[in-house]
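# Architecture and fold: a report
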Amino acid sequence: MFEVQAEAYDHFVGRYSPQLAAALCDFAGVENGIRALDVGAGTGALTAELAKRLGAANVVAVEPSEPFAHACRARVPGLEVVEAGAEALPLPNDAFDASLSQLVLNFIPDAAAGLREMARVTRPGGLIAACVWDYSGEMQMLRAFWDAAHEVSPAAAAQHDEATMRLGREGELAELWRAGGLIRIRSTPLRARARYASFEDLWGPFVSGVGPAGAFTVSLGQDQRAALHDALAHRLDAGDEPFELTARAWAVAGNV
């Protein structure tokens, strides 16, 4: 789902990522003078925001996808990018003042192990923060997509709808943080917006196969894919004119 061209991701949910990254850093209280880790950096939106606030020399990114890691390096010159998964970070104990993760934890097979690793590499008292889309509610693009998918292919959509993923409901990230032994836990919704030149501008990344929605789209036959295209356009009431969509994510922060 994520071994795709970085440009496809950036035209998909990557449109929302810079705004979301700024909101996550503001909420978590990322301040100058600390050393930070971005876990599951993707194409580098959160990494770039951290580097802007802290300086690239004070930020390390970890990303398992080779094309995404390459894009992250290009986005933040001089940045250290480590190609690895979140569940086994090849980094020393207590190496960072803060570890953050944006739109990643729900895709990690063992999210608890990923959180343990983030805590291990963060000093005692340090910050751990993350966010995940509100798939079942106010992430308008993805919710409209899956509602359209249920119209076109109900059985398959029921199996793949991202609303069924763990950690995407209000409070679930905070529960993970509590189970992981973090303290001073706080939660909030974060919001971002994206502008589209037309419906086809929105639709293009789906047929690139990026993310669960893209993987679902390319799995369909030609007729079903065309039906999904039309059903989504109808739900969004979108055509050839520019339009905007909003997205909500659930965020949590705590301390080691």
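Use the structure listed above.
Summarised in this report is the structure supplied together with it. Computed from a predicted model, the values in this text were never measured in an experiment.

### Looking at the pattern of salt bridges
As enumerated under the stated definition, the model contains 16 salt bridges in all. A salt bridge links Lys52 to Glu49, with the shortest nitrogen-to-oxygen separation between them at 3.4 Å. With Lys52 and Glu49 both in helix H3 (residues 45-54) and three residues apart, the pair spans about one turn of that helix. Assessed through its relative accessible area of 65%, Lys52 is described here as exposed. With its nearest N and O atoms 3.3 Å apart, the salt bridge here joins Glu83 to Arg73. Placement of Glu83 in the loop between strand S3 (80-82) and strand S4 (96-102) and of Arg73 in helix H4 (residues 66-75) is noted, with a sequence separation of ten residues between them. Overall, Arg73 belongs to the partly exposed group, its relative accessible area being 33%.

### Here we look at the packing of helix H6 (residues 140-152) against helix H10 (residues 211-219)
Interhelical geometry of H6 versus H10 gives an angle of 30 degrees and a closest axis separation of 11 Å. Classified by the interaxial angle, the pair formed by H6 and H10 is roughly parallel. In terms of crossing hand, the pair formed by H6 and H10 is left-handed. Here Leu142, Phe145, Trp146 and Ala149 of H6 come into contact with H10, specifically with Pro212, Ala213, Phe216 and Thr217. Here the contact of H6 with H10 is composed, by residue class, of seven nonpolar, one polar and no charged.

### Brief notes about the nonpolar core
Core analysis: the largest hydrophobic core is formed by 95 residues, its most contacted members being Tyr16, Trp133, Met141, Trp177, Leu202 and Leu232. Among the elements that make up this core, the one with the highest residue count is H6 (eight residues). Excluding residues that lie within four positions of it along the chain, Trp133 makes contacts with Val13, Tyr16, Leu20, Leu103, Met139, Leu142, Gly168, Ala247, Arg248, Ala249 and Trp250.

Scoring rules and cut-offs
- Residues numbered from 1 in each chain as written.
- Predicted model: local features only at pLDDT ≥ 70, side-chain atom pairs only at ≥ 80, totals over all residues.
- Heavy atoms only, no water.
- Salt bridge = Lys/Arg side-chain N within 4 Å of Asp/Glu carboxyl O.
- Helix = DSSP H or I, 4+ residues; strand = E, 2+ residues; numbered from the N terminus.
- Buried < 20%, exposed > 50% of the residue type's maximum accessible area, 1.4 Å probe, protein only.
- Axes fitted to C-alpha atoms, helices over the stretch in contact; angles between N-to-C directions.
- Parallel < 35°, antiparallel > 145°, perpendicular 65-115°, else oblique.
- Left-handed = near helix turned anticlockwise from the far one by under 90°.
- Contact = heavy atoms within 4.5 Å.
- Nonpolar A, V, L, I, M, F, W, Y, C, P; charged D, E, K, R; others polar.
- Core = buried A, V, L, I, M, F, W, Y, C linked by side-chain atoms within 4.5 Å.

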